[in-house]
Every structure is written in structure tokens, then in C-alpha cells.
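Examination of the molecular architecture
Here's the letter readout for the chains.
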Amino acid sequence: FGSDYEGAAVALPALLLGMFGQTLMGPSGVMVKAINQTRAETVGAAIGLAVNLVANLILIPEYGILGAAIGTTAGIIVFNVVETVVIYRVTGASPVSANTVKQLVPSVLLAVGIAYLLRGYRLELRALLLLGVVFVVIQLCSIVATKSLSQRDAELVDSVADQTGYDLSLFR
């Protein structure tokens, strides 16, 4: 995108951490609606917004765009934690399980290693797309290697295999 955006590069890791946290919590927003707890979503969003605003007021004067990214990440994570707590209290279900964490550890370690090796390189869009494919393959291998599929996940894999005609037994 050119040199106009170089200053924003410092904020990207902090924002990615927030997106990673949101992904780790799963589709909590949809789940909150599905269990008819929409008020909790509004409250969670308000708390997340308050955290974001306070963190921005404190961090932006000292850290600039990085402070804004940290404040935004904190707000996102707080919002998702509030929703996850509500889901757990109402249903007893938690989006974060041992299987989730177990298969993420090798993936995250490999991703950090690749990022370290590629630091300082400017990657074109094609290279970034290829890197995305590599990360998907790494994630799938991590799931298989750590045997992170639950019985319900295995049933879903079987259903996809039946509908597509592909042999997906490797993923069971």
C-alpha cells in the first residue's frame, strides 16, 4: 500500500492479538442471540466500549497509534469475555476447551516462527495468499497430529464426507 501506511504497521500486532482472542472465544455473539440473551450482548458491548475509551484516553497520548490498537484490543477481548461468561452461566458450555488450546499451540508456535523468519520482508498479495494457505494446512495438520477433534467434530467430518464423497478419515 506504500509508504503512507508504514506508520500503521506498529499497531497491526496488537490488533491481530485482539482478533485472535475473539476467534478463540468462537461465535459468542451468535450464541448469545441463540440463547435469547441479547441484553447481555448489549451490556458486553457497552463494557467493551468503556474499556476501549478509557484505555485510549490513557494510552494514546503516550503511545499514539499503538496505544489506540491496545485499547481497541482490550475492548474486544473484554466484550468477548463478557459474552462467554454469560453463555457459560446460562448453558454450562464453554467455547474454549482443551482440544481448542491443544491444537492451537503448535499452530501458533509455527506461525510465530514463520513470522520471525519473514520479518523485514515485504510480501506481495500472491505471497500473502500462499502464506494463508500454508497456515490453513498447518492448522489442519495440527488438528490431526494432536487428535483435537471431539466426537461431535468427528460426526461433522463424517457428514461432510458422506455429502461430498471424499475420504476424510484422516481427519477423524
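The rules behind these values
Residues numbered from 1 in each chain as written. Predicted model: local features only at pLDDT ≥ 70, side-chain atom pairs only at ≥ 80, totals over all residues. Heavy atoms only, no water. Axes fitted to C-alpha atoms, helices over the stretch in contact; angles between N-to-C directions. Helix = DSSP H or I, 4+ residues; strand = E, 2+ residues; numbered from the N terminus. Parallel < 35°, antiparallel > 145°, perpendicular 65-115°, else oblique. Contact = heavy atoms within 4.5 Å. Nonpolar A, V, L, I, M, F, W, Y, C, P; charged D, E, K, R; others polar. Polar contact = N/O pair within 3.5 Å; in protein donor to acceptor, adjacent residues only side chain to side chain. Salt bridge = Lys/Arg side-chain N within 4 Å of Asp/Glu carboxyl O. Buried < 20%, exposed > 50% of the residue type's maximum accessible area, 1.4 Å probe, protein only. Expected span 1.5 Å × (residues − 1). Arc of directions from axis to C-beta. Patch = residues over 30% accessible without salt bridge, like charges linked within 9 Å, V, L, I, M, F, W, Y side chains within 5 Å. Areas by Shrake-Rupley, 256 points an atom, 1.4 Å probe, with all protein chains shown as cover. pLDDT = per-residue confidence, 0-100.

Some points on the packing of helix 1 (residues 12–24) against helix 4 (residues 65–91)
Where helix 1 meets helix 4, the closest approach of the two axes is 8 Å, and the angle between their N-to-C directions is 5°. In terms of axis orientation, helix 1 runs roughly parallel to helix 4. On the side of helix 1, the interface is formed by A14, L15, L17, G18, M19 and Q22, while helix 4 contributes L66, A69, I70, T72, T73, I76, I77 and N80. Residue composition of the contact of helix 1 with helix 4, by class: nine nonpolar, five polar and no charged.

Digging into the side chain of S107
The topology assignment puts S107 in helix 5 (residues 98–118). A polar contact is formed between the side chain of S107 and the side chain of Q139, at a distance of 2.8 Å. For S107, the contacting residues outside a window of four places in its chain are I138, Q139 and S142.

Here's the deal with the pattern of salt bridges
As enumerated under the stated definition, the model contains two salt bridges in all. Across the pair E41 and K33 runs a salt bridge whose closest N-O atoms are separated by 3.3 Å. When the shortest N-O distance is used, the salt bridge between R126 and E124 registers 3.2 Å. Its relative accessible area of 65% is what places R126 among the exposed residues. The class for E124 is exposed, based on a relative accessible area of 53%.

Concerning helix 6 (residues 125–145)
Between its first and last C-alpha, helix 6 extends 30 Å over 21 residues, near the 30 Å set by a 1.5 Å rise per residue. All of the buried residues in helix 6 are L131, I138 and S142. Viewed end-on, helix 6 has its buried residues packed into an arc of 35°, placing them on one side of the element. In this structure, helix 6 carries L125, R126, L129 and L130 as exposed residues pointing more than 90 degrees from its buried face.

Considerations on a nonpolar patch on the surface
A contiguous nonpolar surface patch, about 550 Å² in accessible area, is contributed by Y121, L123, L125, L128 and L129. On the basis of relative accessible area, L129 is assigned to the exposed category, the value being 54%.

Details of the side chain of E83
Within the secondary structure layout, E83 lies in helix 4. Polar contacts involving the side chain of E83 include one to the main-chain amide nitrogen of G29, which spans 3.3 Å. Once residues within four sequence positions are removed from consideration, E83 is found in contact with S28, G29, V32 and E41.

Let's talk about helix 7 (residues 151–164)
In this model helix 7 runs 20 Å from its N-terminal to its C-terminal C-alpha over 14 residues, within 8% of the 20 Å that 1.5 Å per residue would give. Taken together, the buried positions of helix 7 are A154, V157 and A161. For helix 7, the angular spread of buried residues about the axis comes to 60°, placing them on one side. Facing away from the buried side of helix 7 by over 90 degrees, the exposed positions are R152, L156, D162 and Q163. G165 occupies a position one or two residues after helix 7 and carries a positive phi of about 85°.

Description of unusual backbone geometry
Of note in the backbone geometry, N36 takes a positive phi value of approximately 60° without being a glycine. Along the chain, N36 falls in the loop between helix 2 (28–34) and helix 3 (38–63).

A look at the confidence of the model for the protein chain
Residue-level pLDDT values for the protein chain average 86, and 98% of them are 70 or greater. Helix 3 holds the highest mean pLDDT among the elements of the protein chain, 95, whereas helix 5 holds the lowest, 82.

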